[in-house]
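What follows is each chain in one-letter form.
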Amino acid sequence: MRARVSAAVMLPYWGFWESSAGGASFRSERRDLLDDVVERLQGAGVDVVWSGMVDSPEAGVAAAKEIGAGGAKVLVVAQSMAVPPTYTMAALDRLGDLPVVVWAVQESRRLRTGFDQSDITTMGATVGTPMLTNLLVRSGRPFELVVGGIDEEPVVARLAGTVGAAAVARSLASARIARVGRPIDGYDCVDVDDEVLRGATGIELVPVDPEEIRTLYQGVSDVTGLEAELAGRYEDAREDPEGSTRSLRLAAAVEELDRTRGFDAGAMNCHVAEIRFGEEPGVTPCFGIGRETTRGVPWTCAGDVLTAVAMLVAKRLGGAALYHEIEAIDFETGEVAIANSGEHDLGWCGRGARARLQPNPWYRSDRITGLSAWFELPSGPATLVGFTPHHDEPSGFRLIAAEGEITGRSFPDSPTVGGAFRFAGGQPVGEAWRRWALAGANHHSAVAPGSLAAGVGVVARYLRIGFTQVS
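Given the structure is predicted, the values throughout are model-derived calculations rather than measurements.

Conventions we followed
Residues numbered from 1 in each chain as written. Predicted model: local features only at pLDDT ≥ 70, side-chain atom pairs only at ≥ 80, totals over all residues. Heavy atoms only, no water. Core = buried A, V, L, I, M, F, W, Y, C linked by side-chain atoms within 4.5 Å. Buried < 20%, exposed > 50% of the residue type's maximum accessible area, 1.4 Å probe, protein only. Helix = DSSP H or I, 4+ residues; strand = E, 2+ residues; numbered from the N terminus. Contact = heavy atoms within 4.5 Å. Disulfide = S-S within 2.5 Å. Arc of directions from axis to C-beta. Pairing = 2+ DSSP bridges. Axes fitted to C-alpha atoms, helices over the stretch in contact; angles between N-to-C directions. Expected span 1.5 Å × (residues − 1). Salt bridge = Lys/Arg side-chain N within 4 Å of Asp/Glu carboxyl O. Phe/Tyr/Trp six-rings, centres within 6.5 Å; stacked < 30°, edge-to-face > 60°. Lys NZ or Arg CZ within 6 Å of the ring centre and 35° of its normal.

Chemist: Give a description of the nonpolar core that names residues and reports values.
Modeler: I67 and V459 are the most contacted members of the largest nonpolar core, which has 115 residues in total. Here this core gets eleven residues from one element, more than from any other, and that element is helix α6 (residues 153-172). If you look at the next biggest cluster of nonpolar residues, it comprises 38 residues, including L377, L384, A432 and A441.

What follows is the structure in structure tokens.
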């Protein structure tokens, strides 16, 4: 489930034209409109922590102080009339990189037969909006623009979605991603220079020595709390008590790492002596990093820091995210199979379904086999998300999205969480996958429930990086 976003709502006002719009009552009518905007946003899942009218540069300065103190993650500017843009800019200039979403809002969808100078004032969103957006464009400040009536539910839903995506972008700009070790040898396709990424996006890759994971693991002695958690959430198909205990201790170690170091996501190459190939832990952490993803801190394997970024976007936009590969194409049905090496996110387990806790089938030949979860993804809209350096983008980076659906086709013998995905758009599946690869995605990506391409594009624009939708 996606987290609610805290936002501020500002309605610019200019008393210059009150005489043509009913006199002094016009101000109170705009106040009612502001209250209506707030009510619509809150009904759509946005927590409005501040709202107010701005009718002068001085009011803009005062509003900025209050908004800054209120903890809003996004500012919605409800532009309903012609207003000197300096009123709003006085606030924006003091709000740093706070994302701005402009709503060109009308109270009515229709123009009445007697449309006159009063209507020109009261319905003047198409005049006031470009007064503001012109300055935003000229200054290079990212913003999003939503256009529509106050009573149009699809418009309000789109506005709320845009606000949510803007908040995701702002959170990414200060995100900390754990880099446990380095990627598997030769896996340049999942790697990136830490400083280049931070310079372009603000995302910080924090190196973590694999020895720290082992030390944290050795400090875990009691897993009774985790055992109780499993009883309520999984169908138990465990076989080896030792492998189970080690997996739970390793899950507790990764949770402790995230908690103490304040990580937003992580990427781990566990195929090293300190983790999988050592005496202890001696198992893969697939269950533990899936548990962290379920808890809201998405992790990837193989040291894939690029897909860790994609997972963070997918998780925060869609409420759940599965780290996966596109394993093969069914050219007859137009589907692709998706699966992974043992990761999961219970946020995407179907309603009423329970994941199966089992020895990880990929590592049966290991001396001790750790745990993984298994369930089939429920049918419904879904979006693939990738992230990559890209030479064609001025920023050097690109987010990629492809909408489609989880078809509900069953692969009961598939070793890990997955299912079948069909690209939207109706083109042959081979061509759709070809476009996905040509866009720059590596062999790993994130998939999340819902049609999220628009939101991924919003995130990219606020981060000032490239975006491509495969369709």
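So, next bit.
Chemist: Got a sec to walk through the side chain of R30? Specific residues and values, please.
Modeler: Inspection of the secondary structure assignment puts R30 in helix α1 (residues 25-43). Ignoring sequence-local partners within four residues, the contact set of R30 consists of L11, Y13, M53, S80, M81, E107 and T122.

Chemist: Account for the state of the cysteines, naming residues and giving values.
Modeler: One pass over the structure, following the stated rule, counts zero disulfides. Left unpaired, C270 is separated from the closest cysteine sulfur, that of C286, by 6.0 Å. A residue is classified by how much of its surface remains accessible, and C270, at 6% relative accessible area, is buried. A disulfide-free cysteine, C301 has its sulfur positioned 6.7 Å from the sulfur of C286, the nearest such atom. Given the relative accessible area of 14%, C301 is considered buried.

Chemist: Quick rundown of helix α13 (residues 429-438)? Include the residues and the values.
Modeler: Among all positions of α13, only V429, A432 and W436 are buried. Buried residues of α13 fall within an arc of 65 degrees about the axis and therefore sit on the same side. At the C-terminal side of α13, G440 shows a positive phi close to 115 degrees.

Chemist: Before we move on, could you go through the sheet that holds strand β10 (residues 299-301) and cite the residues and values that matter?
Modeler: On the basis of which strands lie adjacent, the open sheet formed by four strands has the order β7-β6-β9-β10 and parallel pairing. Whereas interior strands pair on both sides, the edge strands pair on one side only; in this sheet they are β7 (204-208) and β10. Here the strands of the sheet are splayed against their neighbours by 20 degrees on average, with no regard to which way each runs. Docked against the sheet, helix α11 (residues 286-295) engages β9 (265-268) and β10, running at close to 150 degrees with respect to β10.

Chemist: So what's going on with helix α2 (residues 57-70)? Residues and values would help.
Modeler: The end-to-end C-alpha distance of α2, which contains 14 residues, comes to 20 Å, matching closely the 20 Å that a straight helix rising 1.5 Å per residue would cover. Among all positions of α2, only A59, G60, A63, A64 and I67 are buried. End-on, the buried residues of α2 take up no more than an arc of 145 degrees, which puts them together on one face. Every exposed residue of α2 that faces more than 90 degrees away from the buried side is listed here: E58, K65, G68 and A69. Where α2 is buried, its residues touch β1 (5-12), β2 (46-54), β3 (74-79) and α3 (85-92). Downstream of α2 by a residue or two, G71 has a phi angle that is positive, lying close to 80 degrees.

Chemist: Let's hear about the pattern of salt bridges: which residues, and what values?
Modeler: Taken as a whole and assessed by the stated rule, the structure comprises 37 salt bridges. Where R30 meets E107, a salt bridge forms, and the shortest distance between an N and an O atom there is 3.0 Å. With R30 in helix α1 and E107 in the loop between β4 (100-106) and α4 (117-122), this residue pair connects regions lying 77 residues apart in the sequence. Among the residues examined, R30 registers a relative accessible area of 1% and is labelled buried. Taking the relative accessible area as the measure of exposure, E107 reaches 44% and is therefore partly exposed. One connected set of salt bridges, linked through shared partners, spans E229, E255, R291, E292 and R295.

Chemist: Can you lay out the pairing of strand β12 (residues 335-339) for me, pointing to particular residues and giving the numbers?
Modeler: Moving residue by residue along a regular strand, the side chains alternate between the two faces of the sheet. Most of β12 is tucked away: four of the five residues are buried. Bridge analysis of strand β11 (residues 322-330) against β12 gives five bridges, and the strand direction is antiparallel. Within β12, the residue paired with D330 across the bridge is E335. What sits between the antiparallel neighbours β11 and β12 is a turn of four residues, in which G334 has the positive phi angle 80 degrees. Bridge count for β12 against strand β17 (residues 419-423) is three bridges, and the pairing is antiparallel. Note that in β17 the partner of A337 across the bridge is A420.

Chemist: Go over the environment of A82 with me, naming the residues and quoting the values.
Modeler: Here A82 lies in the loop between β3 and α3. Once the C-alpha coordinates of A82 and G124 are considered, the two residues, 42 residues apart in sequence, prove to be 5.8 Å apart. If we skip the residues at most four places from it in the chain, A82 touches W14, G124, V127, G128 and M131.

Chemist: How would you explain the packing of aromatic side chains if you had to name every residue and give the values?
Modeler: One pair of aromatic rings is described through two measures. These are the centre distance and the angle between the planes. Per the stated rule, a full pass over the model turns up five aromatic pairs. The aromatic ring of Y217 is capped on one face by R249, whose charged end is 4.1 Å from the ring centroid.

Chemist: Would you mind going over unusual backbone geometry in detail, with residue names and values included?
Modeler: The step from E280 to P281 runs through a cis peptide bond, and the omega angle for that step is 0 degrees. Assignment of secondary structure puts P281 in the loop between β9 and α11. Despite not being glycine, A302 shows a phi value in the positive range, around 60 degrees. Non-glycine residue R464 carries a positive phi angle of around 65 degrees. You can see R464 is positioned in the loop between α14 (453-463) and β19 (466-470).

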